[in-house]
Amino acid sequence: MDDPRSDAVVFFGATGDLAYKQIFPALLGLVRDEGLSVPIIGVAKAGWGLDQLKEQAADSLKHHGVTDDGTIRKLTDLLRYVDGDYNDDATFNALRKQLGDAKHPLHYLAVPPSLFGTVAEGLAKSGSAEDGRLVIEKPFGHNRESSRELSRLLAKFFPEDAIFRIDHYLGKEPVQNIVYTRFANSFLEPVWNREHVESIQITMAEDFGVQDRGHFYDETGAIRDVVQNHLLQVLAQLTMDPPTGEEHEAMRDQKAALLKAVRPLDPMSVVRGQYDGYQSVDGVRPGSTVETFVAVRLLIESWRWAGVPIFIRAGKRLPVTATEVTVRFKRPPRETFNEVVPNKAGHMRFRISPDVSIGMGVRVKQPGERMVGQDVEMILTEQRPSFMPPYQRLLGDAIRGLGELFGREDIIDAQWRVVNDVLDNVTPVYRYKPGSWGPDEADALLDGHGHWHNPSTS
Ligand code: BG6
């Protein structure tokens, strides 16, 4: 491409939930902060006209706290609308017309995954795919095989470097900060390995349930919803080797190498749970065995990480909403000061949400005559929750053609490989009480590696 910047943004599913919640605010951010001024074309089958789309955009922005009508108008003035069925060539021909002179349109598919192929094909047939880009939402496939099929299908219409698979965790400032902090400080590298790290924990807790997403969630479950994607990405940021060279794919190459080294989960390393009351959520099948909680124990087969257990836990209706990573260091080899209470190991803690901090746990001497210690945590940084919303960052990158923060085919495949053998009903599902930390069975997974670290509310 001569000009790597997209010169039009098309979003399918323009009248839907994702557009309302994420895409309009992200586009507004790009218009306001980066001067985005290309045509923005919404496509949907809703019997709407342009005015309705503009009203919807304004409503979404007000709902997200944008009060200035002038700013809102800057976005709505760029909007165009095409109404039509995705199975009808006429829809794509109308879109082609709206695209006018645009040569590098970006097509954002905020539609159900079953329509990805149909839309990609419609774009290709109407001549709108050529030199264009495709942004797609998760879930990318339902298992390893269907993800591969989807990749094969999309590859017929778009080259791999024009496909941007969204994982919004990668657009989060604190998730990027993990990799930044690791590689911007040389003191960490010597201890970031099996010699010094005892275990790693990642907890993503949400105090709310599946809300109005019963139907979607009951087809998905926690492993597919957040472990296969968000949490394995966080793990990769935390454990990958530093990128080498100047190649723009260097970061994703290292991430792919790491994820390919993760040993596929087996049923003994997985505990699934379901909160009491889940089955009465609208859209959930009676007798459903879908997990709303999962805890897993992973191993990475590499020289750096061999033998270091990695515990990942995610659940709905837990006591708090918070995501934290803790890297526990090994204890000193001798109890030099003969403390009666065994000292805890040091740690490094990355809090990803809702607030953002990085802490380092160390043991220091308590004031007094005796050589007795206490655990303290230094807070290295505390930051505002989010400087730039993930969708704004990601959409901006896709418009500029920067793929680093997106899933690549081999990365997505490696992520499915990790979870593929434990999807669905391979393991039992235990009940847990809303507001608890999930089923007790999850504790047994730690087996000699301390306790789960439960993130606090703030
Ligand atoms: C989504 C999942 O991908 O991520 C949701 O489908 C989950 O179930 C959400 O709640 C969490 O994202 P965040 O940014 O609120 O941590």
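Since we're looking at a predicted model, the values are computed, not measured.

Criteria and cut-off values
Residues numbered from 1 in each chain as written. Predicted model: local features only at pLDDT ≥ 70, side-chain atom pairs only at ≥ 80, totals over all residues. Heavy atoms only, no water. Axes fitted to C-alpha atoms, helices over the stretch in contact; angles between N-to-C directions. Helix = DSSP H or I, 4+ residues; strand = E, 2+ residues; numbered from the N terminus. Left-handed = near helix turned anticlockwise from the far one by under 90°. Contact = heavy atoms within 4.5 Å. Nonpolar A, V, L, I, M, F, W, Y, C, P; charged D, E, K, R; others polar. Pairing = 2+ DSSP bridges. Salt bridge = Lys/Arg side-chain N within 4 Å of Asp/Glu carboxyl O. Buried < 20%, exposed > 50% of the residue type's maximum accessible area, 1.4 Å probe, protein only. Near = heavy atom within 4 Å. Polar contact = N/O pair within 3.5 Å; in protein donor to acceptor, adjacent residues only side chain to side chain. Areas by Shrake-Rupley, 256 points an atom, 1.4 Å probe, with all protein chains shown as cover. Lys, Arg positive; Asp, Glu negative; His and termini not counted.

Novice: Explanation requested: the packing of helix 1 (residues 17-34) against helix 11 (residues 390-400) in the structure shown.
Specialist: Angle between the axes and distance between the axes: these two values describe a pair of packed helices. At a minimum axis distance of 8 Å, the contact between helix 1 and helix 11 shows a crossing angle of 65 degrees. Relative to helix 11, the crossing made by helix 1 is right-handed. Along the contact surface, helix 1 presents Leu 18, Gln 22, Ala 26, Leu 27, Gly 29, Leu 30, Arg 32, Asp 33 and Glu 34, while helix 11 presents Tyr 391, Gln 392, Leu 395, Gly 396, Ile 399 and Arg 400. Its residues assigned to classes, the contact of helix 1 with helix 11 comprises 7 nonpolar, 4 polar and 4 charged.

Novice: In this structure, what is going on with the sheet that holds strand 7 (residues 197-205)? I would like to understand it.
Specialist: Hydrogen bonding along the main chain pairs the strands of a sheet, whether they run parallel or antiparallel. Taken together, the 9 strands give an open sheet; going across it, the order is 14-13-12-11-7-10-9-8-15, and neighbouring strands pair in mixed fashion. Two strands close off the open sheet at either side, each with one partner strand: strand 14 (373-383) and strand 15 (429-432). Ignoring which end each strand starts from, the neighbouring axes of this sheet average 15 degrees apart. When strand 11 (residues 322-329) meets strand 12 (residues 347-353), the two strands line up antiparallel, connected through 6 bridges. The residue bridging Arg 328 from the neighbouring strand is His 347, located in strand 12. Along the sheet, helix 9 (residues 221-239) contacts strand 7, strand 8 (270-275), strand 9 (293-298), strand 10 (310-315), strand 11 and strand 12; its crossing angle with strand 7, the most-contacted strand, is approximately 140 degrees.

Novice: In this structure, what is going on with the pattern of salt bridges? I would like to understand it.
Specialist: Opposite charge on two side chains permits pairing when their charged atoms draw close. In this structure the tally under the stated criterion is 35 salt bridges. Ionic pairing is found between Arg 165 and Glu 160, a salt bridge with its closest N-O pair at 2.9 Å. Between Lys 433 and Asp 276 there is a salt bridge, with its nearest N and O atoms 3.6 Å apart. In this pair, Lys 433 is assigned in the loop between strand 15 and helix 13 (441-444) and Asp 276 in the loop between strand 8 and strand 9, connecting sequence segments 157 residues apart. The exposed category is assigned to Lys 433, whose relative accessible area is 57%. Within this structure, Glu 249, Arg 252, Asp 253, Lys 260, Arg 408 and Asp 410 form a network of salt bridges that share partners.

Novice: Sorry if this is basic, but what is going on with the site of the ligand here?
Specialist: Around the ligand, the structure places Lys 138, His 168, Tyr 169, Lys 172, Met 204, Glu 206, Arg 213, Asp 225, His 230 and Lys 316. Contacts to the ligand include Lys 138, whose side-chain N or O atom sits 2.9 Å from an oxygen atom. One of the side-chain nitrogen or oxygen atoms of His 230 is found 2.7 Å away from an oxygen atom of the ligand. Isolated, the ligand exposes 400 Å² of accessible area, and the fraction of that covered by the protein chains is 75%.

Novice: When you look at the side chain of Asp 167 in this model, what are you seeing that I'm missing?
Specialist: As for its position among the elements, Asp 167 is in the loop between strand 6 (163-165) and helix 7 (173-184). For the buried Asp 167, which has no salt bridge, the nearest side chain bearing the opposite charge is Lys 138, at an N-O separation of 7.4 Å. The residues contacting Asp 167, other than those within four sequence positions of it, are Asn 229, His 230, Gln 233 and Leu 394.

Novice: Explain the pairing of strand 8 here, please?
Specialist: Successive residues of a regular strand alternate their side chains across the two faces of the sheet. By the criterion of burial, strand 8 is predominantly enclosed, with 6 of the 6 residues buried. Judged by which residues are buried, strand 8 turns out to be covered on both faces: Val 270, Arg 272 and Gln 274 on one side and Val 271, Gly 273 and Tyr 275 on the other are all buried. Here strand 8 pairs with strand 9 via 4 bridges, running antiparallel. Its bridge partner lying in strand 9, Val 270 is registered against Val 296. Relative to strand 15, strand 8 runs parallel, the two being bridged by 4 bridges. What sits directly across from Gln 274, in strand 15, is Arg 431.

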